[in-house]
Amino acid sequence: MKKIWNKIKKYCLDFKNDPKKKLLKIKKRIKDYFHNNLLFVIYVITCVVNSTLLRFFTLHTVENYLSIKPILADTAIVVLVGAFGYLIKPKKRFIYFMTFDIFFTAICMINSIYYTFYTSFASVSMLSLAQFIAPVGDAVVENVLQIKDLVYLWGPICLFFVHWKLKKRNYYEHNLSFKRRKTQTFKHLILGAVLITIFTLTLTPLEIGRFAKQWNREYIVMKFGIYTYQMNDVVKSIEPKVSSLFGLDNAMKSFHEYFEERDTSQKTNEYTNVFEGKNIIGIHAESMQSFPIGMTFNGQEVTPTLNKLVSEGLYFDNFYSQVSVGTSSDTELTLSTSLMPTHSGTAFVSYFDREYISIPKLLKEKGYYTFSMHANNADFWNRRTMHESLGYDRFYSKKDFEVTKENTIGLGLSDKEFFKQVIPKLQDIKEKGQPFYGTFIMLTNHTPFSDVDKYGEFDVDIKETITNENGETEVISHPYMEGTKLGNYLKSVHYADAALGQFLEDLEANGLLENTVIVLYGDHDARLPKNDYVRLYNYDTTTDSVLSKDDPNYIDFDSYQYELNRKVPLIIWTPEHEYTGTVHDVMGMYDVMPTLGNMFGFYNPYQLGHDIFDIKENNIVVFPNGNWVTNKVYYNSQQEEYLPLGSEVISEEYIKQCDEYAESLLYTSNNIIVYDLIRLERESEEVRAESEKGS
Ligand code: GP9
Ligand code: MN
C-alpha cells in the first residue's frame, strides 16, 4: 500500500515540476497502449457500439440516449471477458476475441429481432418452452428479420479486417512469455473491476431492486445494458432449477402431511352452484383500495360506480391482497390458484413452468372460453408466458389494442379507452356461444399518480361558504388533500371509477351483461405515504395543517392502522342484484378461488384459502411476510406484536396456533411452487393408476 502511495506521490510531484513533459509521456503511453493492444481495443469498441446501437434501435426515450450507465456496464463486461484472451499466445489470440465478438454480436442480433416481434428483450428461460420457440422461429424468418438486425455484423467484420491488416504487417510475430501474458490479463481484469465499481456506485436503490427482480426487461437494458441484462437473465433462469434440486423429499413429505391434516372435503352452503354456467367478467382494479369507497369531497362521491356496485351486490369490506414483490402478478397468481407468492423471486417470472390448478383451467373443463386482456406490454410480469401456464385460452395485450400518445395516461392506454376497445372483442367472444371467463386488467390508477391533468376535474379540497365583511356570501377553498400524493391518488381513483361506470353502461347497451357476473377486486394497495393519511383523517381547516396529537378529535394512524387500511375491495355483482349484502369477515385474495369455486361449481383440492361463506368468522388471512389477520387480531410476526381488533382478550395460545398455521401454510405454498409438487403428485397418481390397471 505504502509503495503505491509513494508512486502516486512521485507521479504528482513529477507532474507539478514539468507538466508538459508529463503530458507528452502520457500521450505516448496511450499511443503505445493502443498500438500494442489494437485487436483488444477493436473487440471492445465493436461490442460496446453494438450494444449501444441495440438500445438506440429499441428504446426510444431521451433518458436512454443520454445515459452513460449502460455503456459503462457493457464495457466492464466486455473488458473482463476479453482480459482472458491475453493468456493466449498473440498468434492465436484473434480466435478468442473473434469468438466473443461473434457471441456479443449474436446477443444484440437476437434481441434486436426479438424486440421487433415482442417489444421486449429475450430470455434464456424461454428456451425451455418448445411451443413458444417454434412459432417464433417461423415468424422471425417470414416477418421480422429486418436490415437493422444485420447492422451488428459490422463488428466481427471490422475485427476480421483489422486482424488481416495486422497479420500482413507481421504484428503477431513478437511472442511474449506466459508470465508477461498473465500480467496483461491481470491489468485488464483490474480495469474491468474499476469500471464495475464506478458503475455500481452510480446505482440507485430502485435500480438495484428492479435488477434483482429482473421482470422489467426494458428498464434493466436501459440502465444496465444488454450484456448485464442477459447475464442476470441466465442467473435468474437457473436459480429456480438449482433451488429445487435439494430438499424434494422433505417438501413432498410435509406436503402430504399438510393436506392429510387439512379438511379438504367439499362443503355446500346457500351459495353452492348459484352461478353455475354464468359468464364471469373479472376486473383487476389496479391499486384500488377500499377507503375511497363511500368517501365524498364537497358532496361529490369519489367512487360513484363502486358505491353503486357495493349496494347492489355482495361486498367484502375486510378483504386483503396478499402480495409480495410481484405486486400485480402476485395477485393474479393468488387469485387464480389460491397459492401464496413465493419466498424469493416471483412465481410469474421464476416459476412460470410449474403446474398450477387454476380458475381458467377448471372453468375450461366446464366448457368455458377463458381469456385475459391488458393493454400493456405482454412481457410485463412475464404475462405472455404465465397466462398460458394459468390456462387462459388467449391473452390480449398491448399489440391487440390501439395505443396512441393521445389515449395514453400514466403507464399506458387509458382505462376509458381500454374498456371502449374491449367491447367489440367481447362481442366476438360472446358469439362463440360458449360461457366465458375474462380477466380485465386495468392500468391507469397506478403509482405515481402524476398525470393529474388527464384524470379530469375532481377537487379534493374543502369548500366553505362564508359571509364576508360586506355581508356577501362567498365560497372559499381550504387546500386539504390538493397537491398531496394521496389527493392525486383520489383523483386517479375517481377517473378509474368513471371508466368502470362507462364500461358497465357499454356492457349493458351491448347485451353483454346477460347471464354474467362481475367480480371486481383491487389488486393491492397504492403504497401511499403515511403522513398523507394523517392529513386525510386529521385536517384542520383553521390552520391548514393537521390537528395536534393532544386534540381530542385527533385520529391516530400508526403502522397498524396503515396495514389495516391497505385493504382492497372485492365485489361480486350481477345485473339482477339477486345477491346483496356486506360480508365483514376478514378475507384474503387466496379465498377468492374457493369462494367462486363454490358459486360456479369448480374445486381445487390444493387451495390454501377457504370459501368465505363456509369458514366465516374463523378465517385467517396470511401475508407473505408472515404477518396475519383474523377478525380478532392483527399480528406482526417480525416484531412478535399484535393489535387486538375488538374487545376480546387474546390468549397466547390463540396467537401460537394462528402463527403455526401461517408458517406451515407459507412453507407448503412455497414448496408446491418451487418443487412443482402438483405436477409430481399428478404424475405419481397416474403411475399408480396405470399399475393398478395392469395388476
Ligand atoms: C403492469 C401493471 C402494473 O402491466 O399490471 O403492475 P404493478 O406495478 O402494479 O405490479
Ligand atoms: Mn398492480
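Here the structure is a predicted model, which is why all the values come from computation and not from measurement.

(A) Expanded view of the overall build of the chain. Counting secondary structure elements, the chain contains 26 helices and 22 strands. Overall size of the chain, expressed as C-alpha extent along the three principal axes, is 100 × 90 × 55 Å. Within the span of the chain, comprising 695 residues, buried residues form 52% of the whole. Taking contacts inside the chain between residues at least 6 apart in sequence as the whole, the part at least 24 apart equals 75%. Just so you have it, the chain exposes about 33500 Å², and 58% of that area is on carbon and sulfur atoms. Here the chain holds 73 positive side-chain charges and 87 negative ones, and the gap between their average locations is 22 Å.

(B) Molecular detail of the pairing of strand 22 (residues 641-644). With four bridges joining them, strand 21 (residues 633-636) and strand 22 adopt antiparallel strand pairing. Residue pairing in the sheet places Tyr-634 in a bridge with Leu-643 of strand 22. Counted between consecutive antiparallel strands, the loop separating strand 21 from strand 22 contains four residues, among which Glu-640 sits at a positive phi close to 50°.

(C) Representation of the packing of aromatic side chains within the structure. Throughout the structure, instances matching the rule amount to 53 aromatic pairs. Through a chain of ring-to-ring contacts, three or more aromatic side chains come together here, namely Phe-40, Tyr-43, Tyr-86, Tyr-96, Phe-97, Phe-100, Phe-103, Phe-104 and Tyr-227. Above the ring of Trp-164, the side-chain terminus of Lys-168 is found at 4.6 Å from the ring centroid. Between the NZ or CZ atom of Lys-425 and the centre of the ring of Phe-401, over which it lies, the distance is 4.6 Å.

(D) Structural detail: the domain arrangement of the chain. In terms of domain boundaries, the chain breaks down into domain 1 (37-237) and domain 2 (265-451 + 485-628 + 636-643). For domain 1 and domain 2, the distance between their C-alpha centroids amounts to 41 Å.

(E) Structural detail: a positive patch on the surface. A surface patch of positive charge is lined by Lys-3, Lys-7, Lys-21, Lys-25, Arg-29, Arg-180 and Lys-187. Elements that contribute at least two residues to the positive patch include exactly helix 1 (2-17), helix 2 (19-36) and helix 10 (178-201). Residue contributions to the positive patch peak at three residues, all from helix 2. On the secondary structure map, Lys-21 appears in helix 2. Residue classification places Lys-21 among the exposed positions, given a relative accessible area of 57%.

(F) Region of interest: the coordination of the manganese ion (ligand 2). Taken together, Glu-286 (OE), Glu-286 (OE), Ser-328 (OG), Asp-523 (OD) and His-524 (NE2) make up the full set of protein donors to the manganese ion (ligand 2), lying 2.0 to 2.5 Å away. One way to put it: the six donor atoms around the manganese ion (ligand 2) meet at angles of 54 to 170°, and that makes the site irregular. Each donor residue of the manganese ion (ligand 2) belongs to the same chain, with the gaps between them written as E-x41-S-x194-D-H. Of this pair, Ser-328 sits in helix 15 (residues 327-337) while His-524 sits in the loop between strand 13 (516-522) and helix 21 (530-538), and the two are 196 residues apart along the sequence. Judged by relative accessible area, which is 6%, Ser-328 ranks as buried.

(G) Layout of the site of ligand 1. Around ligand 1, a shell composed of Glu-286, Thr-327, Ser-328, His-374, Asn-376, Phe-380, Trp-381, Arg-383, Leu-443, His-446 and His-524 is seen. Contacts to ligand 1 include Asn-376, whose side-chain N or O atom sits 2.9 Å from an oxygen atom. Contact distances for ligand 1 include 2.8 Å between an oxygen atom and a side-chain N or O atom of Arg-383. Alone, ligand 1 offers 310 Å² of accessible surface; in the complex the protein occludes 95% of this.

(H) A look at the pattern of salt bridges. Within this structure, the stated rule accounts for 29 salt bridges. A salt bridge links Glu-332 to Arg-383; its shortest N-O distance comes to 2.9 Å. One end of the pair, Glu-332, is in helix 15; the other, Arg-383, is in helix 18 (residues 383-389), with 51 residues separating them in the sequence. You'll find Glu-332 and Arg-383 in the same group, each marked buried. Of the charged contacts, one joins Arg-682 and Glu-686 as a salt bridge, the two residues approaching to 2.9 Å between their closest N and O atoms. With Arg-682 and Glu-686 both in helix 26 (residues 677-694), this residue pair falls four residues apart, about one helical turn. Judged by its relative accessible area of 30%, Arg-682 falls in the partly exposed class. You can call Glu-686 partly exposed: its relative accessible area is 43%.

(I) Representation of a nonpolar patch on the surface. A grouping of Val-124, Val-234, Ile-238, Val-242, Leu-245 and Phe-246 is seen on the molecular surface, where their side chains present a nonpolar patch of about 530 Å² in accessible area. Tracing the chain through its elements places Val-234 in helix 12 (residues 217-243). Since its relative accessible area comes to 33%, Val-234 is described here as partly exposed.

(J) Structural detail: unusual backbone geometry. Residue Pro-448 follows Thr-447 across a cis peptide bond; omega there is 15°. Mapping Pro-448 onto the fold places it in the loop between strand 10 (436-441) and strand 11 (462-467). For Asn-382, which is not a glycine, the phi torsion comes out positive at approximately 60°. Looking at the secondary structure, you find Asn-382 in the loop between strand 6 (369-373) and helix 18. What makes Asn-382 buried here is its relative accessible area of 4%.

(K) Here's a closer look at the sheet that holds strand 17 (residues 581-583). Judged by pairing direction, the sheet is mixed, and its eight strands sit side by side in the order 7-6-10-1-13-16-4-17 without closing on themselves. Either end of the sheet is taken by a strand with one partner, and the two such strands are strand 7 (394-396) and strand 17. Strand-to-strand, the axes of this sheet are offset by a mean angle of 15°, without reference to chain direction. Note: strand 1 (residues 279-285) against strand 13, seven bridges, orientation parallel. Bridge pairing links Gly-282 to Val-519 in strand 13. Relative to strand 1, helix 15 is tilted by about 150°, and along the sheet it contacts strand 1, strand 10 and strand 13.

Cut-off values and rules
- Residues numbered from 1 in each chain as written.
- Chains lettered and ligands numbered in written order.
- Predicted model: local features only at pLDDT ≥ 70, side-chain atom pairs only at ≥ 80, totals over all residues.
- Heavy atoms only, no water.
- Helix = DSSP H or I, 4+ residues; strand = E, 2+ residues; numbered from the N terminus.
- Buried < 20%, exposed > 50% of the residue type's maximum accessible area, 1.4 Å probe, protein only.
- Contact = heavy atoms within 4.5 Å.
- Areas by Shrake-Rupley, 256 points an atom, 1.4 Å probe, with all protein chains shown as cover.
- Lys, Arg positive; Asp, Glu negative; His and termini not counted.
- Charge placed at Lys NZ, Arg CZ, Asp CG, Glu CD.
- Pairing = 2+ DSSP bridges.
- Phe/Tyr/Trp six-rings, centres within 6.5 Å; stacked < 30°, edge-to-face > 60°.
- Lys NZ or Arg CZ within 6 Å of the ring centre and 35° of its normal.
- Domains from an automatic or database assignment.
- Patch = residues over 30% accessible without salt bridge, like charges linked within 9 Å, V, L, I, M, F, W, Y side chains within 5 Å.
- Salt bridge = Lys/Arg side-chain N within 4 Å of Asp/Glu carboxyl O.
- Donors = N, O, S within 2.8 Å, 3.2 Å for Na, K, Ca; no water.
- Tetrahedral: all angles 85-135°; square planar, octahedral: opposite > 155°, others 65-115°.
- Near = heavy atom within 4 Å.
- Polar contact = N/O pair within 3.5 Å; in protein donor to acceptor, adjacent residues only side chain to side chain.
- Axes fitted to C-alpha atoms, helices over the stretch in contact; angles between N-to-C directions.

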